[in-house]
Amino acid sequence: MINIDPSGILVRYNVKAEKELSPEEVAKELYPEDVVIRPIVEAVFEGDEDDVINALEEAISAGRDPLSLIDDALMPGMGIVSGLYDHGILFLPDVIISAHAMTDGIEYCKQMSSSTHEFKGKVVSFVVEGDMHDIGKKIVTVLLRANGYEVIDLGSDVLVSEVISAVKKEKPLMLSGTALMTTTMYSFKEINNLLLENNIRIPFVCGGGAVKQDFVFGYELGVYCEDAADAPKIADEILKGAGVEELRGKFHRH
Ligand code: B12
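In this numbering scheme, every chain counts its residues from 1 along its sequence in written order. The predicted nature of this model means local features are confined to residues of pLDDT at least 70 and side-chain atom pairs, given and counted, to a pLDDT of 80 or more, with totals for whole chains, interfaces and linings taken over all residues. The basis for every side-chain value is the complete set of heavy atoms in the structure, and neither hydrogens nor water enter the calculation.

## Quick word on the coordination of the cobalt atom of the ligand
For the cobalt atom of the ligand, the protein contributes exactly one donor atom, H133 (NE2), at 2.2 Å. For helices the rule is a DSSP run of H or I covering at least 4 residues; for strands it is a run of E covering at least 2, with both sets numbered from the N terminus onward. The residue H133 is located in the loop between β1 (122-127) and α8 (135-146) in this model. Counted as donors are the N, O and S atoms within 2.8 Å of the metal, or 3.2 Å for Na, K and Ca, while water is not among the atoms, so some sites may look incomplete.

Next up, the structure:
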């Protein structure tokens, strides 16, 4: 995903201190100039599914390749949203709304193309056995998808055995687990041990309200993460070759 950094604009207009610019005005400064791409980026930022599809339709009629629009227009739109979220200018609901609009856009582009889009990699996500709190997992899933990853979302209250079967079948580059209750998070350890027994050594990134760093560091494959926005960053690091220890070093909160 294109990494859009709005820092320069935020500093120039001193947005946080003075509130001189609204998020929409900051975003406007980041929109591309290409008249075909710009309406798509804007529609993703606004989170308007219909506008996204209409703008994509126009771009395709103007001769643009449907699949390249995923990287050239949908991702930059989401990149602006993620950038402003990272800087505390936008909030989670904004991210979710834009991610849904972008996901619809991706589906449309896929339908309009005969070739297949290459995902950056595959992730399996789930909420632990006995736990139905799935809001955080949904955010992690949309952010990973928004950043070009294929996510096999197993849902909530997922049996340990189902997680292991899915990992064996899908061979993901990382496993994303969520637990919101102190009573349910022990499944993480069980999953870790079964992965090792099966000689599977992928990073097992764990988060959710109840989960603490010390707990996750107690099992070999565990990488703790507090913030859903870090999930795609972790996946990107794994693609670059980072293992559990390196990820712990990089994403560990001091
Ligand atoms: C909403 C909610 C519910 C909803 C859940 C709806 C749903 N579909 O999710 C309902 C009403 C159904 C519910 C039910 C229950 N709940 Co409840 N619930 C909450 C509440 C208020 C908010 C949780 C939430 O969604 N937070 C927002 C999300 C976004 O946060 P999050 O999941 O932690 O995710 C963030 C990060 O952790 C991170 N993240 C998450 N996963 C991952 C993974 C990776 C890889 C990464 C990188 C990041 C990451 O990303 C997110 C954003 O950055 C909390 C209280 C609270 N303030 O936290 C209680 C709470 C979690 N619930 C609690 C309890 C006890 C229950 C019930 C048992 C109540 C009952 N007696 O029936 C049931 C349990 C049912 C079950 N079996 O699961 C307790 C748990 C206590 C504990 N520590 O064990 C809490 C803490 C309330 C309390 N203070 O007592 N609950």
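Right, picking up where we left off after that structure.
## Quick word on the pattern of salt bridges
Salt bridge, as used here: a side-chain nitrogen of Lys or Arg that lies within 4 Å of a carboxyl oxygen of Asp or Glu. Scanning the entire structure with this criterion turns up 12 salt bridges. Linking R64 and D34 is a salt bridge whose minimum nitrogen-to-oxygen distance equals 3.1 Å. Here R64, found in the loop between α5 (49-61) and α6 (66-86), pairs with D34, found in the loop between α3 (23-30) and α4 (38-46); they are 30 residues apart in sequence, far enough to count as distant. In this structure, K233 and D230 form a salt bridge, with 3.8 Å as the shortest nitrogen-oxygen distance. Taken together, the positions of K233 and D230, both in helix α12 (residues 230-239) and three residues apart, correspond to about one turn of that helix. Salt bridges here are not isolated pairs; linked through shared partners, they connect D86, D230 and K233.

## A few points about the side chain of D230
Only protein chains enter the calculation, and the probe is 1.4 Å; a residue is then buried if its accessible area is under 20% of its type maximum, exposed if over 50%, and partly exposed in between. A residue is classified by how much of its surface remains accessible, and D230, at 10% relative accessible area, is buried. Residue contacts for D230: discarding those within four places in its chain leaves C225, F251 and R253. What makes two residues a contact is simply this: any of their non-hydrogen atoms within 4.5 Å.

## Examining the nonpolar core
For this analysis, a nonpolar core means a set of buried residues of the types Ala, Val, Leu, Ile, Met, Phe, Trp, Tyr and Cys, connected via side-chain atoms within 4.5 Å. Of all hydrophobic cores here, the largest spans 90 residues; its most connected members are L74, M174, L175 and F188. Element by element, the count of residues in this core is highest for α6, at 11 residues. Residues lining this core come from more than one domain, with at least three contributed by each of domain 1 (7-112) and domain 2 (122-251). Once residues lying within four places of it in the same chain are set aside, the contact partners of M174 are K122, V123, V124, L144, I202, P203, V205, A231, I234, A235 and I238. How far each domain reaches was decided by an automatic or database domain assignment.

## Remarks on a negative patch on the surface
For patches, a residue must show more than 30% relative accessible area and have no salt bridge; joins then use 9 Å for like charges and 5 Å for nonpolar side chains, namely Val, Leu, Ile, Met, Phe, Trp and Tyr. All accessible-area figures derive from a Shrake-Rupley calculation using a 1.4 Å probe, and residue coverage is judged against the displayed protein chains alone. Counted as positive: Lys and Arg. Counted as negative: Asp and Glu, with His and the chain ends omitted from the count. Lys charges are placed at NZ, Arg charges at CZ, Asp charges at CG and Glu charges at CD. Judged by side-chain charge, E24, E25, E42, E46, E49, D50, D51 and D104 come together as a negatively charged surface patch. Elements that contribute at least two residues to the negative patch include exactly α3, α4 and α5. With three residues, α5 is the single largest residue contributor to the negative patch. By secondary structure assignment, the location of E25 is in helix α3.

## Observations concerning helix α10 (residues 187-197)
Buried residues of α10: S187, F188, I191, N192 and L195, and no others. For α10, the angular spread of buried residues about the axis comes to 140°, placing them on one side. Against β1, α9 (160-170), β3 (174-178), β4 (204-207), α11 (213-216) and β5 (222-224) lie the buried residues of α10. Among the residues trailing α10, N199 stands out with phi positive, at a value near 60°. Taking the helix axis as origin, the arc is that swept by the directions to the C-beta atoms.

## Things to note about the state of the cysteines
We call a pair of cysteine sulfur atoms a disulfide whenever their separation is within 2.5 Å. Applying the stated criterion to the full structure yields zero disulfides. You can see C225 has no disulfide; the closest cysteine sulfur is in C206, sitting 10 Å from it. Taking the relative accessible area as the measure of exposure, C225 reaches 9% and is therefore buried.

## Observations regarding the packing of α12 against helix α13 (residues 244-251)
Running from N to C, α12 and α13 point in directions that differ by 140°, and their axes come no closer than 11 Å. As far as their axial angle goes, α13 and α12 are oblique. The interaxial crossing formed by α12 with α13 has right-handed handedness. For the pair α12 and α13, the contacting residues are D230, K233, I234, E237 and I238 in the first and L247, K250 and F251 in the second. With axes taken as lines fitted to C-alpha atoms, and helix axes fitted only over the stretch in contact, angles between N-to-C directions fall between 0 and 180 degrees. For classification purposes, an angle smaller than 35 degrees is called roughly parallel, one larger than 145 roughly antiparallel, one from 65 to 115 roughly perpendicular, and anything else oblique. The sense of a crossing depends on the near helix, which, turned anticlockwise from the far helix by less than a right angle, makes the crossing left-handed and, turned clockwise, makes it right-handed.

## Quick look at the site of the ligand
Only a single heavy atom is needed: when it lies within 4 Å of a molecule or strand, its residue is near that molecule or strand. Contacts to the ligand come from 24 residues, most closely from M132, H133, D134, T178 and G209. Between H133 and the ligand, the recorded distance is 2.8 Å, taken from a side-chain N or O atom to a nitrogen atom. Note that a nitrogen atom of the ligand is positioned 2.8 Å from one of the side-chain N or O atoms of D134. Within the residue set of the shell around the ligand, elements represented by two or more residues are α8, β3 and β4. Ranked by residues supplied to the shell around the ligand, first place goes to α8 with four residues. Taken together, the residues of the shell around the ligand sort by class into 10 nonpolar, 10 polar and four charged. Any N or O atom pair separated by 3.5 Å or less is treated as a polar contact, with the protein-specific requirement of one donor-capable and one acceptor-capable atom, and with residues adjacent in sequence counted only for side-chain atom pairs. Gly is placed with the polar residues, together with every amino acid not listed as nonpolar (Ala, Val, Leu, Ile, Met, Phe, Trp, Tyr, Cys and Pro) or charged (Asp, Glu, Lys and Arg).

## With respect to the domain arrangement of the protein
Domain boundaries assigned for the protein yield domain 1 (7-112) and domain 2 (122-251). Relative placement of domain 1 and domain 2: their C-alpha centres are 28 Å apart. Listed by partner, the interface residues are 11 residues for domain 1 and 10 residues for domain 2. Across the domain 1/domain 2 interface, buried area totals approximately 780 Å², and carbon plus sulfur atoms make up 76% of it. In this assembly, domain 1 and domain 2 are joined by one salt bridge. A salt bridge links K233 to D86; its shortest N-O distance comes to 3.5 Å. Among the elements that make up the side of domain 1 that touches domain 2, the one with the highest residue count is helix α7 (residues 92-112) (seven residues). Taken together, the residues of the side of domain 1 that touches domain 2 sort by class into nine nonpolar, one polar and one charged. The term buried area denotes the loss of accessible surface (1.4 Å probe radius) that occurs when two parts are joined, taken as the sum for both partners.

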